[in-house]
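Residue-level listing of the chains:
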Amino acid sequence: MSYILDTVSNLIGQMAFMNLTVGNFIMIGVACVFLYLAIAKGFEPLLLVPIAFGMLLVNIYPDILASPEETSNGVGGMLYYFYQLDEWSILPSLIFMGVGAMTDFSPLIANPICFLMGAAAQFGIYCAYLLAISFGFSGEAAAAIAIIGGADGPTSIFLASKLGQTALMGPIAVAAYSYMSLVPIIQPPIMKLFTTEKERKIHMENLRHVTKLEKILFPIVVTIIVCIILPTTAPLVGMLMLGNLFRECGVVRQLTETASNAMMYIVVILLGTSVGASTSAEAFLNVSTLKIVVLGLAAFAVATMAGTLFGKLLCKISGGKINPLIGSAGVSAVPMAARVSQKVGAEADPTNFLLMHAMGPNVAGVIGTAVAAGMFMAIFGV
């Protein structure tokens with residue numbers, strides 16, 4: 001009889017709810033909200049589903065992220081090894097390769113002025129950097145937080161790791177991916193606030209044809225120029241351009257398909273679940289996290305505003321040939337930000353087609369955010 005009682009007692013003692021804190025229950029609730037937004041509302045499910053599920057797992061069973069030193073058998077939790085790939089900057093770099101393999105840079109090549117729009121949208125990053133310092137964060141932490149303004153999850157993880165801010169990586173990554181997912185909600189009010197209906201109705205001329213030679217030379221030239229000036233950007237810009245070269249050279253179809261499909265989705269699963277697993281209640285529910293969420297939102301809002309206002313300036317300079325809405329796509333959220341430009345423009349005029357024009361600043365923003373990360377690494381001597 002005592003054996004049975006001991007067995008039952010041990011089983012009850014091993015149940016998760018015996019060890020869960022109020023914070024764990026809050027984070028489980030947050031995870032369920034994220035799952036609802038991803039599944040029911042369709043907010044970037046490829047990102048939010050694995051992130052939310054990783055968040056759910058770690059707050060029910062914390063040992064799933066435990067290091068080998070923290071476990072009785074010296075093996076470590078499954079998601080610990082996924083997370084190590086984040087800290088080593090392997091998964092963010094592979095994500096960039098996949099993005100490059102899926103992205104057509106033709107709109108940017110056909111309209112090089114888009115580089116300026118992509119650069120203008122990075123203004124939010126530098127504003128958030130100064131604001132984060134005023135909030136009491138160190139320079140390295142402020143830089144890692146500020147990069148959220150680019151709406152680029154992999155770059156946020158990459159920079160946080162390189163600057164030694166692994167303690168903040170969970171909140172930073174979740175904030176970055178959350179704002180990426182909420183681009184269709186956050187951006188339109190800002191875009192409409194800083195543009196007139198007449199400007200939103202502007203039709204842009206068709207982009208010129210881009211030759212295959214130009215498409216092949218572009219990733220090579222960008223890699224040489226950017227990586228010579230800022231060698232620290234090589235893991236991100238280099239992988240982005242390598243993936244794009246796979247796509248455009250036409251002789252490695254198998255590599256293109258692997259990088260843009262199988263490999264990309266495998267990496268998203270590993271990255272998403274490990275990022276979600278870094279949001280235990282102890283690491284996430286604190287004042288610093290609240291500051292990061294607020295600063296990230298401010299950075300993203302300012303980035304959208306800066307891109308839109310620069311688009312407005314180019315509209316004036318061009319005599320009304322450039323629709324300022326495409327400037328807001330200068331953040332790195334590819335292709336969500338470009339789709340939002342299309343959506344807002346179509347609301348003003350259903351015959352207006354801005355998607356391809358907006359893709360120019362959008363892909364320029366990916367490069368711009370990687371360059372901003374490289375600048376911070378150079379500043380702090382990483």
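For the structure itself, consult the block above.
Quick look at the structure, then. (Residues numbered from 1 in each chain as written. Predicted model: local features only at pLDDT ≥ 70, side-chain atom pairs only at ≥ 80, totals over all residues. Heavy atoms only, no water.)

Considerations on empty space enclosed by the protein
Once rolled over the atoms, a probe with the size of a water molecule shows which space is left empty. Enumeration according to the criterion identifies 1 cavity of 30 Å³ or more in this entry. In this structure, the largest cavity encloses a volume near 30 Å³. For the largest cavity, the full set of lining residues is L47, I51, Y177, V268, L271 and G272. At the level of secondary structure, the elements contributing two or more residues to the lining of the largest cavity comprise α3 (45-60) and α16 (253-277). (1 Å grid on protein atoms, 1.4 Å probe; cavity = no way out; pocket = protein on both sides within 12 Å on 5 of 7 lines; lining within 4 Å. Points joined across faces, edges and corners; volume = space filled by probe spheres on them. Helix = DSSP H or I, 4+ residues; strand = E, 2+ residues; numbered from the N terminus.)

Things to note about the packing of helix α5 (residues 90-102) against helix α10 (residues 153-162)
Across the interface, α5 lies against α10 with an axial gap of 8 Å and an inter-helix angle of 150°. Judged by the inter-axis angle, α5 sits roughly antiparallel to α10. Both α5 and α10 take part in a crossing whose hand is left-handed. Between α5 and α10, the contacting residues are P92, S93, I95 and F96 on the first element and P154, T155, I157 and F158 on the second. Of the residues belonging to the contact of α5 with α10, the class tally is 6 nonpolar, 2 polar and no charged. (Axes fitted to C-alpha atoms, helices over the stretch in contact; angles between N-to-C directions. Parallel < 35°, antiparallel > 145°, perpendicular 65-115°, else oblique. Left-handed = near helix turned anticlockwise from the far one by under 90°. Contact = heavy atoms within 4.5 Å. Nonpolar A, V, L, I, M, F, W, Y, C, P; charged D, E, K, R; others polar.)

So, helix α11 (residues 169-181)
Between its first and last C-alpha atoms α11 spans 18 Å; for 13 residues at 1.5 Å apiece the expected length is 18 Å, and the two agree. Most of α11 is tucked away: 13 of the 13 residues are buried. (Expected span 1.5 Å × (residues − 1). Buried < 20%, exposed > 50% of the residue type's maximum accessible area, 1.4 Å probe, protein only.)

Things to note about the environment of L85
Assignment of secondary structure puts L85 in helix α4 (residues 78-87). Sequence spacing of L85 and L270 is 185 residues, and the spatial spacing of their C-alpha atoms is 8.6 Å. Residues contacting L85, with those up to four places away along its chain left out, are I90, L91, P92 and L270.

Topic: the environment of L355
In this fold, L355 is placed in helix α20 (residues 355-379). Linking L355 and G272, residues 83 residues apart in sequence, is a C-alpha distance of 28 Å. Sequence-distant contacts of L355, that is, excluding residues within four places in its chain, are made with A338, R339 and Q342.

Quick notes on the side chain of T369
Within the secondary structure, T369 sits in helix α20. The buried category is assigned to T369, whose relative accessible area is 0%. The residues contacting T369, other than those within four sequence positions of it, are Q122, I125, I147, G150, D152, T155 and S332.

Describing the pattern of salt bridges
This model, assessed by the stated rule, comprises 7 salt bridges. The residue E199 makes a salt bridge to K312 at a minimum N-O spacing of 2.6 Å. Placement of E199 in helix α13 (residues 197-200) and of K312 in helix α18 (residues 287-317) is noted, with a sequence separation of 113 residues between them. Overall, the relative accessible area of 22% leaves K312 in the partly exposed class. E257 is the salt-bridge partner of R253, the closest N and O atoms lying 3.1 Å from each other. Of the two residues, R253 and E257 both sit in helix α16, 4 residues apart, roughly one turn of that helix. Given the relative accessible area of 55%, R253 is considered exposed. For E257, a relative accessible area of 40% gives the class partly exposed. (Salt bridge = Lys/Arg side-chain N within 4 Å of Asp/Glu carboxyl O.)

Everything listed here is a matter of geometry and, on its own, says nothing about what the molecule does.
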